[in-house]
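This is what each chain is made of:
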Amino acid sequence: MIFKNTVESFAVNYAHKSIQRSLYNEFNIKILDENQKYTKTPKEGKKYMLYAHVPFCHTFCPYCSFHKYHYEQELAKHYFENLREEMRQVKAAGFDFNSLYVGGGTTLINEPELEKTLRLAKELFNIEDISAESDPNHISPESLTRFDGLIDRLSVGVQSFDDSILKKVGRYEKFGSSAEVQKRLEKAVGMIPVISLDLIFNLPNQTKEQLINDIKISKAIAPEQITLYPLMKSELTRDNIARSLGVSNVDNEREFYEIIVDEFAKGGYRQSNAWAFSNQKNADMRDEYVGSNHEYVGIGSGAFSFLEGELVINAFNLLDYGRKVKAQDSTVIAKCAFTKKERLKYIFLTELFDGSVDIAKYNKNNGANIHRDLFVELNLLKLVNAIYEENGCIKPTFFGKYICVVLMRDFYAGMDRVRALFKDDAKIKRTKNLHVMSEDTGVSYEQAVTRPKAAI
Ligand SMILES: C[S@@+](CC[C@H](N)C(=O)[O-])C[C@H]1O[C@@H](n2cnc3c(N)ncnc32)[C@H](O)[C@@H]1O
Ligand code: SF4
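Remember, predicted model here, so these are calculated numbers, not experimental data.

Teacher, can you tell me more about the side chain of Thr 117 here?
Positionally, Thr 117 belongs in helix H3 (residues 111–124). At a separation of 3.0 Å, a polar atom in the side chain of Thr 117 contacts the side chain of Arg 84. Excluding its chain neighbours within four sequence positions, the residues that come into contact with Thr 117 are Phe 80, Leu 83, Arg 84 and Met 87.

If you want it as structure tokens, here you go:
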């Protein structure tokens, strides 16, 4: 047992260090200048997903690093107009999409504008399913009726059903007590084909009992899906998390993950990816847009695209973004290329996270030979009993799923480094080892980066 624990903690540490190395040392962000316009163009035969960012919230939560501004009606109205214009530009470039993910921020914060935007997406593209995110204040029956037939999957941020945690992160005042949120959720279930609850585990000082209670309440509400994110800390959120929730010198992530998997194994829900659970009739649904669509086009301020092995970054600053859209100029301000090996690892991780890597498909889609190209990685994962092969597929064991959680959480924290870079110049100077290749263009950080005025 001691041997098993030592091997497992070595493996987790190794995986963590290796993704840190990839994200921190090999992450070369190139800031584009006027002469280096990037145009998003589709490749024939490839499928893409569309991601649209809505960067507004009424108030900010301490653990959240997503790109956002304080909501103002006029500002948001102009923003949505620009978003629709960028959508038309993407259409003119030749893209088509089957699925749209609207992320935030709080995407239902301005319902008429969101509705217009979703309707336009359906008009322009062959969209079959739309996902959106909301907080518990925008899920009234009236709001959801408006989106009947438009939104297919709505994830609602709950974070916890424990009043003391909700108070600490300032959500009790904003969204109501646990009992009030539960009532609203009960009414919402059934109004949209898939309602998903988002919770966070491994919050500092969160107890086992609080976690089990969160899961029990979530299951009793009976949504189609329940997602439990491990708390992700980055340089953007670490201090705010400590101020609001305190610091804890024990890390319960692994133990809590085991509890989560056990609680869901008791019935009603099946694991649909490493951190999401779906009720039996929706068991095969996919949660993460990165998981099922390797290539995606992001529109909106601060949106990321992943195209041709490159992370492509849209202008963060709202005014800058708006100016670019109106001038029919590229909204892209920076990009970051991954090596083929990094790309193969990333795709492998997202597929393993989803539960299975089909070896033949993986090799065909990526022009790869997985056993040769990821020889070291696969053998290490097998050695620590994290993966196994069955019927031409590589699958994660329980421990493998936990490694996926760790790596995905690290990957998201890595994206925070990109956000931090564009947040303000002071942060740029403190962001160690994040190479910004502007020398070749002679563009300085200050010239190239237009600072978002509001906090991220
Ligand atoms: C972009 S947020 C939008 C949710 C919505 N605005 C709300 O507050 O309910 C999507 C989800 O990401 C998760 N999330 C945000 N920050 C996180 C963090 N630091 N660690 C883990 N999960 C996080 C939360 O569960 C959140 O509901
Ligand atoms: S969790 Fe939701 S409401 Fe809170 S800051 Fe993040 S996006 Fe906004």
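Where do I start with a nonpolar patch on the surface in this structure?
Taken together, Phe 10, Tyr 14, Phe 375, Val 376, Leu 380 and Leu 383 make up a surface patch of nonpolar side chains, about 640 Å² in accessible area. No other element matches the four residues that helix H16 (residues 375–383) contributes to the nonpolar patch. Inspection of the secondary structure puts Phe 10 in helix H1 (residues 2–25). Classification of Phe 10 by relative accessible area gives exposed; the value is 53%.

Please explain the site of ligand 1 as it appears in this structure.
In the region of ligand 1, 18 residues are neighbours, and Tyr 63, Gly 104, Gln 159, Arg 171 and Met 232 sit closest. One nitrogen or oxygen atom from the main chain of Ser 134 is found 3.2 Å from an oxygen atom belonging to ligand 1. In the environment of ligand 1, a nitrogen atom lies 2.9 Å from a nitrogen or oxygen atom belonging to the backbone of Met 232. Alone, ligand 1 offers 570 Å² of accessible surface; in the complex the protein occludes 94% of this. Elements supplying a minimum of two residues to the shell around ligand 1: strand S6 (129–134), strand S7 (153–159), strand S8 (194–201) and strand S9 (225–230). When grouped by side-chain class, the residues that make up the shell around ligand 1 number eight nonpolar, six polar and four charged.

What should I look at first to understand the pattern of salt bridges in this one?
Proximity of charged atoms lets side chains of opposite charge pair with each other. Enumeration according to the criterion identifies 24 salt bridges in this entry. The residue Lys 116 makes a salt bridge to Glu 113 at a minimum N-O spacing of 3.6 Å. Of the two residues, Lys 116 and Glu 113 are both situated in helix H3; the distance of three residues between them amounts to about one turn of the helix. A relative accessible area of 46% means that Lys 116 is categorised as partly exposed. With a relative accessible area of 4%, Glu 113 lands in the buried category. Here the residues in one salt-bridge network are Lys 43, Lys 46, Glu 295 and Glu 308, joined through shared partners.

What's the story with the packing of aromatic side chains in this structure? I'm lost.
Both the distance between ring centres and the angle between the ring planes are used here to describe each pair of aromatic rings. Evaluated as defined, the whole model comprises 20 aromatic pairs. Ring centres 6.2 Å apart and planes at 80 degrees place the aromatic pair Phe 56 and Tyr 71 in the edge-to-face group. With a gap of 15 residues between them, Phe 56 in strand S3 (residues 56–57) and Tyr 71 in the loop between strand S4 (69–70) and helix H2 (73–92) connect regions that are remote in the sequence. Judged by its relative accessible area of 0%, Phe 56 falls in the buried class. The class for Tyr 71 is buried, based on a relative accessible area of 18%. Ring geometry for Tyr 229 and Trp 275: centres 5.3 Å apart, planes at 65 degrees, overall edge-to-face.

Just checking my understanding: could you explain H3 for this structure?
It helps to recall that an α-helix has 3.6 residues per turn; residues three or four apart then point in one direction. Under the 1.5 Å per step criterion, the end-to-end length of H3 is 20 Å for 14 residues, consistent within 8% with the ideal 20 Å. Here H3 has its buried residues at Glu 111, Glu 113, Leu 114, Glu 115, Thr 117, Leu 118, Leu 120, Ala 121 and Leu 124. Where H3 is buried, its residues meet H2, strand S5 (99–104), S6 and helix H4 (141–146). A distance of 3.2 Å separates the backbone nitrogen of Glu 113 from a side-chain oxygen at the start of H3, and that oxygen is part of Asn 110.

What counts and what doesn't
Residues numbered from 1 in each chain as written. Chains lettered and ligands numbered in written order. Predicted model: local features only at pLDDT ≥ 70, side-chain atom pairs only at ≥ 80, totals over all residues. Heavy atoms only, no water. Helix = DSSP H or I, 4+ residues; strand = E, 2+ residues; numbered from the N terminus. Polar contact = N/O pair within 3.5 Å; in protein donor to acceptor, adjacent residues only side chain to side chain. Contact = heavy atoms within 4.5 Å. Patch = residues over 30% accessible without salt bridge, like charges linked within 9 Å, V, L, I, M, F, W, Y side chains within 5 Å. Areas by Shrake-Rupley, 256 points an atom, 1.4 Å probe, with all protein chains shown as cover. Salt bridge = Lys/Arg side-chain N within 4 Å of Asp/Glu carboxyl O. Buried < 20%, exposed > 50% of the residue type's maximum accessible area, 1.4 Å probe, protein only. Near = heavy atom within 4 Å. Nonpolar A, V, L, I, M, F, W, Y, C, P; charged D, E, K, R; others polar. Phe/Tyr/Trp six-rings, centres within 6.5 Å; stacked < 30°, edge-to-face > 60°. Expected span 1.5 Å × (residues − 1).

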